[in-house]
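# Summary of the model geometry
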Amino acid sequence: MYRVTAGPILCVIDWDPSRPNQLTTLAVGSDRTDIAERKAATALADAPGLTSWLGLPVTARQSLVRACRPIPTLGMYCVIDDEQAVEGGDFLRCAVEDTVAQFLHRFRGWSELHIALAQPSEGLEEAVAAPLRAEGTDPRFVQNEVFPGLRRLARLSALVCRETEYRVDIPEDEDLLEIYDTYAVGSLSSAAEPW
């Protein structure tokens, strides 16, 4: 599915140095970032710092999924290297390149991106920017205090991706990934089409 965006999209990227073999990206249309932020902040106000999705009671998962459904996003893409076939630094570069090729190309008019890092860490900004610049994209990083709700959503989505990557038995009303119209979770270049 291809979508047209009127202006630069916002990508919220989650990469945690303590789990260096996963990169999770959500995209929000430039005309919807304020609404998406408000809805994400409201939906996740009572859920800061979750350490397990499957460890939550069923009713809590259902409640969070229900609260997050109205958040307007363009999609989510997650790359995980379970087998650690690629070294940490190389994984990050490869994962950004894969995200650009497999996910971001779906959006027209994205030669300029606004990027929020869910968990800023040393060297992450340049690791994300270099492959984007090589593709002719101008990444503009937003300040760390902007979009806290969407950053929490990216971190929570990353957690859900890790815990449910191989699960097919999770009901839709308990699956956070079902809030996205378009999403893919897989290894490098394994997710050619979103689910």
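Residues numbered from 1 in each chain as written. Predicted model: local features only at pLDDT ≥ 70, side-chain atom pairs only at ≥ 80, totals over all residues. Heavy atoms only, no water.

So, on to the packing of aromatic side chains. Within this structure, the stated rule accounts for one aromatic pair. For the pair Tyr77 and Phe103, a centre-to-centre distance of 5.6 Å together with 15° between the ring planes defines the contact as stacked. You can see Tyr77 sitting in strand 4 (residues 75–80) and its partner Phe103 sitting in the loop between helix 3 (88–102) and strand 5 (107–108), a full 26 residues away along the chain. (Phe/Tyr/Trp six-rings, centres within 6.5 Å; stacked < 30°, edge-to-face > 60°. Helix = DSSP H or I, 4+ residues; strand = E, 2+ residues; numbered from the N terminus.)

Okay, the pairing of strand 4 next. Most of strand 4 sits inside the fold, with six of its six residues counted as buried. Burial of the side chains of strand 4 extends over both faces: Gly75, Tyr77 and Val79 are buried on one face and Met76, Cys78 and Ile80 on the other. Examined bridge by bridge, strand 3 (residues 19–28) and strand 4 share six bridges and lie antiparallel to one another. From the neighbouring strand, Leu23 faces strand 4, where its bridge partner is Val79. Sheet analysis places strand 4 next to strand 8 (residues 183–186), joined by four bridges and oriented parallel. Along strand 8, the bridge assignment pairs Val79 with Gly186. (Buried < 20%, exposed > 50% of the residue type's maximum accessible area, 1.4 Å probe, protein only. Pairing = 2+ DSSP bridges.)

With respect to the element layout, Arg69 can be found in the loop between helix 2 (58–68) and strand 4. The spacing of Arg69 and Ala43 is 26 residues in sequence and 9.0 Å in space, taken between C-alpha atoms. Leave out the neighbours within four places in its chain, and Arg69 touches Glu172, Asp173, Glu178 and Ile179. A distance of 3.4 Å separates a polar side-chain atom of Arg69 from the backbone oxygen of Glu172. A polar side-chain atom of Arg69 sits 3.4 Å from the main-chain carbonyl oxygen of Glu178. (Contact = heavy atoms within 4.5 Å. Polar contact = N/O pair within 3.5 Å; in protein donor to acceptor, adjacent residues only side chain to side chain.)

The residue Phe147 is not glycine, and still its phi comes out positive at about 60°. Within the secondary structure layout, Phe147 lies in the loop between strand 7 (138–141) and helix 5 (148–164).

Glancing now at the sheet that holds strand 6 (residues 112–117). Where strands meet in a sheet, backbone hydrogen bonds hold them as pairs that are either parallel or antiparallel. Taken in spatial order, the six strands of this open sheet run 7-6-2-3-4-8, and their pairing is mixed. At either end of the open sheet lies a strand with only one pairing partner, and these are strand 7 and strand 8. Each adjacent strand pair in this sheet contributes to an overall mean axis angle of 20°, direction not counted. One ladder, built from five bridges, connects strand 2 (residues 9–16) with strand 6; its direction is parallel. (Axes fitted to C-alpha atoms, helices over the stretch in contact; angles between N-to-C directions.)

A word on the packing of helix 1 (residues 33–43) against helix 5. Relative to each other, helix 1 and helix 5 sit at 65°, their axes nearing to 7 Å. As the angle between them shows, helix 1 and helix 5 are arranged roughly perpendicular. By crossing handedness, the relation of helix 1 to helix 5 is classed as left-handed. Two secondary-structure elements touch here, helix 1 through Thr33, Ala36, Glu37, Ala40 and Ala41 and helix 5 through Pro148, Gly149, Leu150 and Arg152. Residue composition of the contact of helix 1 with helix 5, grouped by class: five nonpolar, two polar and two charged. (Parallel < 35°, antiparallel > 145°, perpendicular 65-115°, else oblique. Left-handed = near helix turned anticlockwise from the far one by under 90°. Nonpolar A, V, L, I, M, F, W, Y, C, P; charged D, E, K, R; others polar.)

It is worth spelling out the pattern of salt bridges at this point. Counted under the stated rule, the structure contains seven salt bridges. The salt bridge partner of Asp138 is Arg140, with a shortest N-O separation of 2.7 Å. Exposure remark for Arg140: the relative accessible area of 41% places this residue in the partly exposed category. Within this structure, Asp90, Arg93 and Glu97 form a network of salt bridges that share partners. (Salt bridge = Lys/Arg side-chain N within 4 Å of Asp/Glu carboxyl O.)

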